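A look at the structure
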Amino acid sequence: MAKTSMIQRDRRRQRLVHSYAKRRATARAVIKNPNSTLEQRLAAQETLQKMPRDSSPIRLRNRCSITGRPRGYYRRFGLGRNKLREAAMRGDIPGLTKASW
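So, here's what we can say about the structure. (Residues numbered from 1 in each chain as written. Predicted model: local features only at pLDDT ≥ 70, side-chain atom pairs only at ≥ 80, totals over all residues. Heavy atoms only, no water.)

**Let's talk about the overall build of the protein**
- Along its length, the protein carries three helices and two strands.
- When the elements of the protein are put in sequence order from the N terminus, they spell out α-α-β-β-α.
- In terms of overall size, the protein is more extended than a compact globule, its C-alpha atoms giving a radius of gyration of 20 Å where 101 residues would be expected to give roughly 13 Å.
- In terms of overall dimensions, the protein has a C-alpha envelope of 60 × 35 × 20 Å along the principal axes.
- If you take every contact in the protein between residues at least 6 apart in sequence, the share linking residues at least 24 apart comes to 40%.
- Carbon and sulfur atoms form 51% of the exposed surface of the protein, whose accessible area is close to 8200 Å².
- In the protein, the 26 positive side-chain charges and the 6 negative ones have mean positions that sit 5 Å from each other. (Helix = DSSP H or I, 4+ residues; strand = E, 2+ residues; numbered from the N terminus. Rg over C-alpha atoms; globule rule 2.2 N^0.38 Å. Contact = heavy atoms within 4.5 Å. Areas by Shrake-Rupley, 256 points an atom, 1.4 Å probe, with all protein chains shown as cover. Lys, Arg positive; Asp, Glu negative; His and termini not counted. Charge placed at Lys NZ, Arg CZ, Asp CG, Glu CD.)

**Side note on the side chain of Asp 54**
- The residue Asp 54 is located in the loop between α2 (38–50) and β1 (73–74) in this model.
- One polar contact links Asp 54 to Arg 13, side chain to side chain, over a distance of 3.1 Å.
- Ignoring sequence-local partners within four residues, the contact set of Asp 54 consists of Arg 12, Arg 13, Leu 16, Val 17 and Arg 59. (Polar contact = N/O pair within 3.5 Å; in protein donor to acceptor, adjacent residues only side chain to side chain.)

**Structural notes on the packing of helix α1 (residues 4–32) against α2**
- It is the contact of α1 with α2, at a shortest axis distance of 8 Å, that shows an interaxial angle of 150°. The angle between the axes of α1 and α2 places the two elements in the roughly antiparallel class. Both α1 and α2 take part in a crossing whose hand is left-handed. Across the interface between the two elements, Arg 24, Ala 27, Arg 28, Val 30 and Ile 31 from α1 touch Gln 40, Arg 41, Ala 44, Gln 45, Thr 47 and Leu 48 from α2. (Axes fitted to C-alpha atoms, helices over the stretch in contact; angles between N-to-C directions. Parallel < 35°, antiparallel > 145°, perpendicular 65-115°, else oblique. Left-handed = near helix turned anticlockwise from the far one by under 90°.)

**A short note on a positive patch on the surface**
- The grouping of Lys 3, Arg 9, Arg 11, Arg 12 and Arg 15 at the surface amounts to a positive patch.
- Within the fold, Arg 11 resides in helix α1. (Patch = residues over 30% accessible without salt bridge, like charges linked within 9 Å, V, L, I, M, F, W, Y side chains within 5 Å. Salt bridge = Lys/Arg side-chain N within 4 Å of Asp/Glu carboxyl O.)

**Brief notes about the environment of Leu 48**
- Considering the arrangement of structural elements, one finds Leu 48 in helix α2.
- Between the C-alpha atom of Leu 48 and that of Thr 26, which follows or precedes it by 22 residues, the distance is 9.9 Å.
- The contact partners of Leu 48, leaving out residues within four places of it in the chain, are Arg 24, Ala 27, Arg 28 and Ile 31.

**Regarding the layout of surface pockets**
- There is about 230 Å³ of room inside the largest pocket.
- Sort the elements by how many residues they give to the lining of the largest pocket and α1 lands first, with four residues.
- Of the residues that constitute the lining of the largest pocket, the class distribution is six nonpolar, five polar and four charged.
- Taken as a whole, the second largest pocket spans an internal volume of roughly 180 Å³. (1 Å grid on protein atoms, 1.4 Å probe; cavity = no way out; pocket = protein on both sides within 12 Å on 5 of 7 lines; lining within 4 Å. Points joined across faces, edges and corners; volume = space filled by probe spheres on them. Nonpolar A, V, L, I, M, F, W, Y, C, P; charged D, E, K, R; others polar.)

So far we have only geometry, and geometry alone does not tell us how the molecule works.
Have a look at this one:
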């Protein structure tokens, strides 16, 4: 089980990313637009730099929804490898079976 402080930090980052998503997207669109002037680009870069660092989606980390484990995460199921295996053995995930050949 991951430290609860790390799980809470990641949840706080998720909230920040969600709240700043539109502002960040508009600023990035101005920067990437070839028709915008140099002043507009510099102003957009400045607004991006003034935003909190944790509002960037790059700083998010995928975590297991049960344990909060950051590594061995399967996106398709939202679980870490350990809990995915346990759920598969119990038959909680339809269509998922243990490989055997």
